[in-house]
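Commentary on secondary and tertiary structure
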Amino acid sequence: YEALHTFELQAPTRVIEWARGSRICVAGYGHSGGNEILQLLPPPTLQAKETQGLCPERDFKVECGGFSSRPVYSLKHVPDTSLLVTSGPPDSSLQVWQVSAEDSDVIKSVSSISTENGTGQPWAKIAATSARAPWVLHGSRLNNVQVTEVESKKNVYVAASRSSEELSDVAFLDCNTLLVCCAKGQLCLADTRQPQGPLEAAAVPSAPCGQRWCMGVRHGPPGPAPSSQPVARLSSGGQLTLTDLRKVSEPLACVKCSVSSPSSSTEFLHISWAPALEGCLAVSGFDGTVHVYESRSWDGSGREAEPLFVHKGHAFGGPDGSEGPPVVTAHTWHPQKPRTLLSAASDGSLHIWDWVQSCGSC
């Protein structure tokens, strides 16, 4: 490791979100109520733009917080605002939070966004943007995908679909284009300029039936058009497929992740692109590790891919008496530091780490 910092949360979290000024937002997902939503300041060494020497302060600091009566399964910071949007059981509604000004340490609930026929639906997957206005993209199934203006709660886009396929991920590709991934692996594109536009399913990766899939979309510095960026899909069996949205019928690459066994549960399955490293992505949710891969040499052979680096810190950090080894519940890349990642596990541990570049293009 180049650096490794650890922090013990009061309760496990399954969300890590970068907010204003490189703050970190985390939240609990317990079903007994009273789940904390915290905004943390990273250690000063990780906030500096240049590498520093020894620093006396090496821990995270809790800057502000609040409590949610619901489990928080997803949390998104609305860019260029002080608003957070969360979702979680028992339905597909959203909760909107205000991160208070500097003279207060409270994150307070300000409103909720209900969805039609949302009762009994799975929790909503969410994405946020402020390219035109503070918008949130949300939905639990293909037939209830919509974009809502956060502050006015006005629906600015509702997709048309007869399918009730459950969703695993949603994303804004730009201010007009949406991408959703179904739990069975289908990708669907939509355009907010076409109200009631149909969601058209793209190809499903060739994989055994019964596997569930998640999606990773690259959000990095301005560059190629979003549609030219490959989309990564990861299955609960460890299959990883890269797809060019301009030609979804032929995957760019297909490999098998180097995991010890298929995921017995898909609730923590996660794949993400590095924003500042071309071709690098991270995978977690199978066990107590995070695997980092370099994808530019992949082909369609389906061979097993060797990871560049494996973070095993959570696997050995479980408290005495815990039920089984910890599982990584979430990870995210630092938006500016190329090889720095954050990861959280089911034992309440939060790690931020930077691996040493040994060889290769990364």
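Residues numbered from 1 in each chain as written. Predicted model: local features only at pLDDT ≥ 70, side-chain atom pairs only at ≥ 80, totals over all residues. Heavy atoms only, no water.

Topic: the pattern of salt bridges
This structure, assessed with the given rule, holds 11 salt bridges. Here E267 makes a salt bridge to R14, at a shortest N to O gap of 3.4 Å. Taken together, the positions of E267 in the loop between β21 (253-256) and β22 (270-273) and R14 in strand β2 (residues 13-18) put the pair 253 residues apart, joining distant regions of the chain. Taking relative accessible area as the criterion, R14 reaches 8% and is therefore assigned buried. Where E165 meets K184, a salt bridge forms, and the shortest distance between an N and an O atom there is 3.8 Å. Taken as a pair, E165 in the loop between β13 (155-158) and β14 (167-172) and K184 in the loop between β15 (177-182) and β16 (187-191) lie far apart in primary sequence, 19 residues in all. (Salt bridge = Lys/Arg side-chain N within 4 Å of Asp/Glu carboxyl O. Helix = DSSP H or I, 4+ residues; strand = E, 2+ residues; numbered from the N terminus. Buried < 20%, exposed > 50% of the residue type's maximum accessible area, 1.4 Å probe, protein only.)

A short note on the environment of L83
The topology assignment puts L83 in strand β7 (residues 83-87). The exposure class of L83 is buried, given its relative accessible area of 6%. Put simply, L83 and V110 are 27 residues apart on the chain and 9.3 Å apart in space, counted from C-alpha to C-alpha.

Remarks on the packing of aromatic side chains
A full pass over the atoms with the stated rule returns 8 aromatic pairs. Seen from their ring centres, Y29 and F268 are 5.9 Å apart, and the 65 degrees between their planes marks the pair as edge-to-face. Within this pair, whereas Y29 is found in the loop between β3 (24-28) and β4 (35-41), its partner F268 is found in the loop between β21 and β22, the two being separated by 239 residues in sequence. Summarising the burial analysis for this pair, Y29 and F268 share the class buried. An aromatic cluster of at least three residues, connected via ring pairs, comprises Y1, F309, W333, W353 and W355. Geometry around Y29 places R14 over its ring, the cationic atom sitting 5.9 Å from the centre. The ring centre of Y73 lies 3.9 Å from the NZ or CZ of R14, which sits over that ring. (Phe/Tyr/Trp six-rings, centres within 6.5 Å; stacked < 30°, edge-to-face > 60°. Lys NZ or Arg CZ within 6 Å of the ring centre and 35° of its normal.)

Some thoughts on the nonpolar core
By size, the foremost hydrophobic cluster in this structure holds 18 residues, and its most contacted members are L234, L240, L242, I271, L281, V283 and W298. When residues of this core are traced back to their parent elements, those giving at least two are β19 (231-235), β20 (239-243), β21, β22 and β23 (280-284). Setting aside residues no more than four positions away along its own chain, I271 makes contact with C214, M215, G216, A232, L234, L240, L281, A282, V283 and H331. Residues V147, V170, C188 and A190 belong to the second largest nonpolar core, which totals 16 residues. (Core = buried A, V, L, I, M, F, W, Y, C linked by side-chain atoms within 4.5 Å. Contact = heavy atoms within 4.5 Å.)

So, the sheet that holds strand β1 (residues 3-8)
Overall, antiparallel pairing links the 4 strands, which are arranged β1-β28-β27-β26 in an open sheet. Single-partner strands in this sheet number two, and they are β1 and β26 (328-333). Adjacent strand axes in the sheet meet at a mean angle of 15 degrees when their direction is disregarded. Two strands pair when backbone bridges link them, and strand β27 (residues 340-345) and strand β28 (residues 349-354) are joined in this way by 5 bridges, in the antiparallel orientation. What sits directly across from L341, in β28, is W353. (Pairing = 2+ DSSP bridges. Axes fitted to C-alpha atoms, helices over the stretch in contact; angles between N-to-C directions.)

Focus on the pairing of β15
Of all 6 residues in β15, 6 are buried, a share of seventy percent or more. Along β15, one buried face is formed by T177, L179 and C181 and the opposite face, lined by L178, V180 and C182, is buried too. Of the pairings in the sheet, the one linking β14 to β15 comprises 5 bridges and is antiparallel in character. Across the sheet, V170 pairs through a bridge with V180, a residue of β15. The turn joining β14 and β15, which pair antiparallel and follow one another in sequence, is formed by 4 residues.

Some words on the environment of V145
Tracing the backbone through its elements, the reader meets V145 in the loop between β11 (135-139) and β12 (146-149). Under the relative-accessibility criterion, V145 is labelled buried at 1%. In sequence terms V145 and V170 are 25 residues apart; their C-alpha atoms lie 9.1 Å from each other.

A look at unusual backbone geometry
Here P89 and P90 are connected by a cis peptide whose omega angle stands at 15 degrees. Of note in the backbone geometry, D80 takes a positive phi value of approximately 65 degrees without being a glycine. Mapped onto the secondary structure, D80 falls in the loop between β6 (74-77) and β7. Unusually for a residue other than glycine, K153 sits at a positive phi of about 65 degrees. By secondary structure assignment, the location of K153 is in the loop between β12 and β13.

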